[in-house]
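What follows is each chain in one-letter form.
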Amino acid sequence: MTTVHNFGVTPISCHSWSGDRKSLALSQNSKDVGLFTSSGSDWKQTGLLDQHDLRVTSIDWGAKTNRIVTCSMDRNAYVWVLDENGDWKKTLVLLRINRAATCVRWSPDENKFAVGSGAKIISICYHEKEFDGWVSKHIKKPIQSTITSIDWHPDNILIAAGSTDFKVRVYSAYVKDVEARPSPTEWGSKMPMGNLMKEFTNSSSGGGWVHAVSFSPDGSKLAWAGHDSSISVADAANDMVVMKLKTNLLPMSSLTWIRPNIIAAAGHNCVPYTFIVESDSITLGSAMEEDKKKESSGNTSARSKFQNMDKLGQNELESKLNYTHQKQISEIRIVEGEKGNVDTFSTCSLDGKIVVWNLKTLAGKMKDLKI
């Protein structure tokens, strides 16, 4: 079963849920972030974060601390905190970058966050008590191009980053000012700040940009999606073996682990797909939505024609896909459950919709869906 939330025809570039999942932060391809609260079957706008000067590229809402972090093409990031009066107060983060910020994620403990950028830098940001503000440490080498995606390891220390230089890298993001000395993991034991733990190439011939990265629930595997329509998984517990599946689908732009061995990915196909990770291979599961049969529209009245143009921004000459989403899916976010044991997740799209996918009901209705 899917639940569709329509926010108009303006593309939604990124979104994030509050800890109680009753509120939603989203950016409609603009410099502003709208905050919405569920009101029955509808959404009521309860706030507007409007301090950025250029388009917002990423949002993350901390479930534990109820803090929102946003980043933008204006090279800035802000941390937003809800005060006693119910207003969101901003704090500028000292990123020290000279290109657009592209992605941001809180660490699992939410005592720091990472910001990827076009400056070939990952900024690891934390709260400095003496300064009473958010400062950053830089990870630079050997990044050669824009960081497109980041994901934290469950241990709160390691971070994975995908970039447009066709590489996926795992770094140590240990900040001694805010956390204890880390323990060794499958990815390595030496973890000074910025240490490159492992580097993977999307393919021997390049393989295109890396659009999304995601650690497995236990942190032993790392999955990524490439622009060559591939899904790859590196297994640190199995001598860093890399498994790769090239598909005949369009490229994926976001992915996450919905079960310990199942990945959900979505992108230019406009519908999420599942991928099953075995001990030595990856196989394509199925689409999470069956092709809806095209219904013949018959004779369209002049009134309905103008209604479509006004409400949906469509006319009868425009084609319609057989899926709920009509345009590229920008992002997948977990709604209910946690990574590896997801009950529902959401997708936002350039068609102005956010769709919530219920895995239990979908698996019961679709024979080919392997969950």
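Fair warning: this is a prediction, and the values are worked out from it, not measured in the lab.

## Details of the side chain of Thr70
Take Thr70: it is sitting in strand S7 (residues 68–72). Look at Thr70 and you get buried, because its relative accessible area is 0%. Engagement of the side chain of Thr70 in a polar contact is seen with the side chain of His52, the distance being 2.8 Å. Non-local contacts of Thr70, meaning those with residues more than four positions away in its chain, are made with Val33, Leu49, His52, Ser58, Ile59, Asn76, Ala77, Tyr78 and Trp80.

## Notes on the pattern of salt bridges
Side chains that differ in sign of charge can pair as their charged atoms come close. Across all of its chains, the model carries 11 salt bridges by this definition. Linking Glu199 and Arg169 is a salt bridge whose minimum nitrogen-to-oxygen distance equals 2.8 Å. Note that Glu199 is positioned in strand S17 (residues 196–201) and Arg169 in strand S16 (residues 167–172), a separation of 30 residues in sequence. By relative accessible area, Glu199 is classed as partly exposed at 33%. Here Arg333 ties to Glu331 by a salt bridge, and the two come within 3.5 Å at their closest N and O atoms. Taken individually, Arg333 and Glu331 each receive the classification buried, so the pair is uniform in this respect. Look at the salt bridges and you will find they share partners, linking Asp60, Arg105, Glu331 and Arg333 into a network.

## Quick look at a positive patch on the surface
Together, Arg96, Lys137, Lys140, Lys141 and Lys176 make up a region of like positive charge exposed at the surface. The topology assignment puts Lys176 in the loop between S16 and S17. In this structure Lys176 comes out as exposed when scored by relative accessible area, which is 65%.

## A few points about the sheet that holds strand S22 (residues 252–259)
On the basis of which strands lie adjacent, the open sheet formed by 4 strands has the order S22-S23-S24-S25 and antiparallel pairing. In this open sheet, the two edge strands, each paired with only one partner strand, are S22 and strand S25 (282–287). Going from strand to strand, the sheet's axes swing by 30° on average, the running direction of each strand aside. Sheet analysis places strand S24 (residues 273–277) next to S25, joined by 4 bridges and oriented antiparallel. Within S25, the residue paired with Val277 across the bridge is Ile282.

Reading the values: rules and limits
- Residues numbered from 1 in each chain as written.
- Predicted model: local features only at pLDDT ≥ 70, side-chain atom pairs only at ≥ 80, totals over all residues.
- Heavy atoms only, no water.
- Helix = DSSP H or I, 4+ residues; strand = E, 2+ residues; numbered from the N terminus.
- Buried < 20%, exposed > 50% of the residue type's maximum accessible area, 1.4 Å probe, protein only.
- Polar contact = N/O pair within 3.5 Å; in protein donor to acceptor, adjacent residues only side chain to side chain.
- Contact = heavy atoms within 4.5 Å.
- Salt bridge = Lys/Arg side-chain N within 4 Å of Asp/Glu carboxyl O.
- Patch = residues over 30% accessible without salt bridge, like charges linked within 9 Å, V, L, I, M, F, W, Y side chains within 5 Å.
- Areas by Shrake-Rupley, 256 points an atom, 1.4 Å probe, with all protein chains shown as cover.
- Lys, Arg positive; Asp, Glu negative; His and termini not counted.
- Charge placed at Lys NZ, Arg CZ, Asp CG, Glu CD.
- Pairing = 2+ DSSP bridges.
- Axes fitted to C-alpha atoms, helices over the stretch in contact; angles between N-to-C directions.

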